[in-house]
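# Summary of structural features
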Amino acid sequence: QVQLVESGGGLVQAGGSLRLSCAASGSFASINVMGWYRQASGKQRELVATITSGYTNYADSAKGRFTISRDNAKNTVYLQMNSLKPEDTAVYYCYAKAALTGWILDYNYWGQGTQVTVSS
């Protein structure tokens, strides 16, 4: 199994910054994709950013403001969020697509979520 533990959420004023972290642990052979999703109250969960060894992908709303990075040695993914807006308020979920040790197939895993609140 893979366990994802998030940290770094909180309350911030519009225009401010936050850095989210997510550390993966467990018995896995490899983590192919790591990323961040978010879900605002009353809305669907949406992709924010993902990262592989050679590729990053951002939602249009995140481009130019958010930066995703990954420390493969530590199995940790980060999301640097700058110029935050009230519209960014949501629960942010860490995501990983991982192949378990001894298995060919990979699976999707989710963290517990961390609240980000941006005040105006």
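Above this text is the structure in question.
The residue count restarts for each chain, going from 1 along the sequence in the order it is written. Since the coordinates come from a predicted model, pLDDT governs what is reported: local features require at least 70, and pairs of side-chain atoms require 80 or more to be given and counted, while whole-chain, interface and lining totals use all residues. Hydrogen atoms and water are omitted, and side-chain values are computed over all heavy atoms in the structure.

## Considering the state of the cysteines
The condition is simple: A pair of sulfur atoms, both from cysteines and within 2.5 Å, is called a disulfide here. We count a stretch as a helix when DSSP gives it H or I for four or more residues in a row; a strand needs E for two or more, and each element gets its number in order from the N terminus. For each residue, the accessible area found with a 1.4 Å probe, counting protein chains only, is set against the maximum for its type, and the residue is called buried under 20%, exposed over 50%, and partly exposed in between.
Considering all chains together, one arrives at one disulfide under this definition. A sulfur-sulfur separation of 2.0 Å characterises the disulfide bridge that pairs Cys22 with Cys94. Since a negative S-S torsion denotes a left-handed disulfide, the Cys22-Cys94 link at about -85° is left-handed. Taken as a pair, Cys22 in strand E3 (residues 18-26) and Cys94 in strand E9 (residues 90-100) lie far apart in primary sequence, 72 residues in all. An identical accessibility class is assigned to Cys22 and Cys94; each is buried.

## Structural notes on the sheet that holds strand E1 (residues 2-7)
Condition: Strands are labelled as partners when DSSP assigns at least two bridges between them. Whenever a helix is involved, its axis is fitted only over the stretch in contact; in every case the axis is a line through C-alpha atoms, and angles between N-to-C directions fall within 0 to 180 degrees.
Strand order across the open sheet formed by four strands is E1-E3-E8-E7, with antiparallel pairing between neighbours. Of all the strands in the sheet, the pair left with one neighbour each is E1 and strand E7 (66-71). Taking each pair of neighbouring strands and ignoring which way they run, the sheet shows an average axis angle of 15°. Relative to strand E8 (residues 76-81), E7 runs antiparallel, the two sharing six bridges. Within the sheet, the bridge partner assigned to Ser69 lies in E8 and is Tyr78.

## Observations concerning the pairing of E8
Most of E8 is tucked away, with five of its six residues classed as buried. Linking E7 back to E8 in an antiparallel pair, the connection comprises four residues, with Asn75 at a positive phi of about 50°.

## Quick look at the environment of Ala62
Structurally, Ala62 can be placed in the loop between strand E6 (56-58) and E7. Along the backbone, Ala62 and Asn82 are 20 residues apart, and their C-alpha atoms lie at a distance of 9.4 Å.

## Quick look at the nonpolar core
Nonpolar side chains tend to gather and get buried jointly when the protein is soluble and globular. Heads up, the condition is: The set of buried Ala, Val, Leu, Ile, Met, Phe, Trp, Tyr and Cys residues whose side-chain atoms join them within 4.5 Å is what this entry labels a nonpolar core. Contacts are residue-level and defined by heavy atoms, with any inter-residue pair within 4.5 Å sufficient.
One finds Leu4, Met34, Trp36, Leu79, Met81 and Tyr92 to be the most contacted residues of the largest nonpolar core, which totals 31 residues. Those elements giving two or more residues to this core turn out to be E1, E3, strand E4 (28-39), strand E5 (46-51), E7, E8, E9 and strand E11 (114-119). The greatest single-element share of this core, amounting to six residues, is contributed by E9. If we ignore the near neighbours within four places in the chain, the residues touching Met81 are Gly16, Ser17, Leu18, Leu20, Arg65, Phe66, Tyr92 and Val116.

## Looking at the packing of aromatic side chains
Threshold: Two aromatic rings, drawn from Phe, Tyr or Trp (for Trp, its six-membered ring), form a pair once their centres lie within 6.5 Å of each other, and the interplanar angle then sorts them: stacked below 30 degrees, edge-to-face above 60, tilted otherwise.
Inspection of the entire model under this criterion finds three aromatic pairs. Measuring from centroid to centroid gives 5.6 Å for Tyr37 and Tyr95, while their planes differ by 70°, and the two rings are edge-to-face. In this pair, Tyr37 sits in strand E4 while Tyr95 sits in strand E9, placing the two residues 58 residues apart along the sequence. The burial state of Tyr37 is the same as that of Tyr95; both residues are buried. Their ring planes at 70° and their centres at 5.0 Å tell us that Tyr37 and Trp110 sit as a pair that is edge-to-face. Here the residue Tyr37 occupies a position in strand E4, and Trp110 occupies one in strand E10 (residues 106-110), the gap between them amounting to 73 residues. Take Tyr37: its relative accessible area is 19%, and that puts it in the buried class. Taken together, the ring pairs connect Tyr37, Tyr95 and Trp110 into an aromatic cluster.

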